[in-house]
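Residue-level listing of the chains:
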Amino acid sequence: MLKPNNDKARDSKTLVHQILKLSAEIFQAIKLRIPPEWLMSDMTVAQLRVLLFLYTDGQSRMSSIASSLGIAVSTATGIIDNLVKKELITRSADAEDRRVVICALSPQGQKTMNRIWVQGQSQMEKLLHGLSPEQLEKAKEVAEFLLINAQSQSGHFNENTH
């Protein structure tokens, strides 16, 4: 009887653990700079989660937002109400079923989320600056592997990624 080779699985698990440890050390080393306006903002973590969800998934039903974030629809409604007051989200009725509420980032909400994205891109650029062309090529290769894996896990595989 053949025994499964657990060495590869164990090696993969060890490597993943080492990569995660290095990732944590990288975040400690780069000391992410949090823009002062975020620290002074009255935005809650729950509100930021909703903004991130809408930024990545696009306009969504209130019930989908609640379900995806693991909160009650009534809780999502309260969070959305506050984001609408801050002019970060728009809310409208579905054209086919007026009982369904559709939420989307407003232009101001899009601008806010773009600033977060640009901040992350800036941090990544700082990390890559100073690497040799060979190291950058390896980093690009790893990024491509991660992208392909992420796309296959989400069902959005694109063969033209390279």
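Residues numbered from 1 in each chain as written. Predicted model: local features only at pLDDT ≥ 70, side-chain atom pairs only at ≥ 80, totals over all residues. Heavy atoms only, no water.

Quick word on the overall build of the protein
Helix and strand content of the protein: seven helices and three strands. The helix and strand sequence of the protein, counted from the amino end, reads α-α-α-β-α-α-β-β-α-α. Across the 162 residues in the protein, those meeting the buried criterion constitute 19%. (Helix = DSSP H or I, 4+ residues; strand = E, 2+ residues; numbered from the N terminus. Buried < 20%, exposed > 50% of the residue type's maximum accessible area, 1.4 Å probe, protein only.)

Structural notes on the confidence of the model for the protein
On average, residues of the protein score 85 in pLDDT, and 83% of them are at 70 or above. For the protein, per-element mean pLDDT is lowest for helix H2 (residues 36-39), which scores 64, and highest for helix H5 (residues 73-85), which scores 95. (pLDDT = per-residue confidence, 0-100.)

Considerations on the side chain of Asp94
With respect to the element layout, Asp94 can be found in the loop between strand S2 (89-93) and strand S3 (101-105). No salt bridge is formed by the buried Asp94; the nearest opposite charge belongs to Arg61, separated by 4.3 Å. Looking at Asp94, its side chain comes within polar contact range of the main-chain nitrogen of Glu96, at 2.7 Å. Beyond its immediate sequence surroundings of up to four residues, Asp94 is in contact with Arg61, Val100 and Ile102. (Lys, Arg positive; Asp, Glu negative; His and termini not counted. Salt bridge = Lys/Arg side-chain N within 4 Å of Asp/Glu carboxyl O. Polar contact = N/O pair within 3.5 Å; in protein donor to acceptor, adjacent residues only side chain to side chain. Contact = heavy atoms within 4.5 Å.)

Some remarks on a nonpolar patch on the surface
Together, Ile26, Met124, Leu127, Leu128, Leu131 and Leu136 line one region of the surface with nonpolar side chains, adding up to about 450 Å² of accessible area. Considering each element in turn, the nonpolar patch owes the most residues, three residues, to helix H6 (residues 107-128). The residue Leu136 is located in helix H7 (residues 133-154) in this model. (Patch = residues over 30% accessible without salt bridge, like charges linked within 9 Å, V, L, I, M, F, W, Y side chains within 5 Å. Areas by Shrake-Rupley, 256 points an atom, 1.4 Å probe, with all protein chains shown as cover.)

Points about the packing of helix H3 (residues 45-57) against H6
Relative placement of two packed helices is described by the angle separating their axes and the distance separating the axes. Contact geometry for H3 and H6: axes closest at 10 Å, N-to-C directions at 90°. Judged by the angle between their axes, H3 and H6 are roughly perpendicular. On H6, the residues that touch Leu48, Leu51, Leu52 and Tyr55 of H3 are Gln110, Met113, Asn114, Ile116 and Trp117. (Axes fitted to C-alpha atoms, helices over the stretch in contact; angles between N-to-C directions. Parallel < 35°, antiparallel > 145°, perpendicular 65-115°, else oblique.)

Focus on unusual backbone geometry
Unlike most non-glycine residues, Glu87 shows phi in positive territory, near 60°. Residue placement: Glu87 occurs in the loop between H5 and S2. Owing to a relative accessible area of 57%, Glu87 belongs among the exposed residues under this scheme.

Overview of the pattern of salt bridges
Within the structure shown, the criterion is met by five salt bridges. Close ionic contact of Lys86 with Asp42 constitutes a salt bridge, the shortest N to O distance being 3.2 Å. Linking Lys86 in the loop between H5 and S2 with Asp42 in the loop between H2 and H3, this pair joins segments that are 44 residues apart in sequence. Overall, Lys86 belongs to the partly exposed group, its relative accessible area being 27%.

Describing the nonpolar core
Among the nonpolar cores identified, the biggest contains 17 residues, and Val50, Leu54, Ile65 and Ile89 are the most heavily contacted of them. Those residues within four positions of Ile65 in sequence are excluded, and the remaining contacts are Val50, Phe53, Leu54, Ser60, Ile80 and Cys103. (Core = buried A, V, L, I, M, F, W, Y, C linked by side-chain atoms within 4.5 Å.)

A short note on the environment of Leu105
Summarising the element assignment, Leu105 is placed in strand S3. In this structure Leu105 comes out as buried when scored by relative accessible area, which is 15%. Between the C-alpha atoms of Leu105 and Leu83, which are 22 residues apart in sequence, the distance is 9.4 Å. The contact partners of Leu105, leaving out residues within four places of it in the chain, are Leu51, Leu54, Tyr55, Leu88, Ile89, Thr90, Gln110 and Met113.

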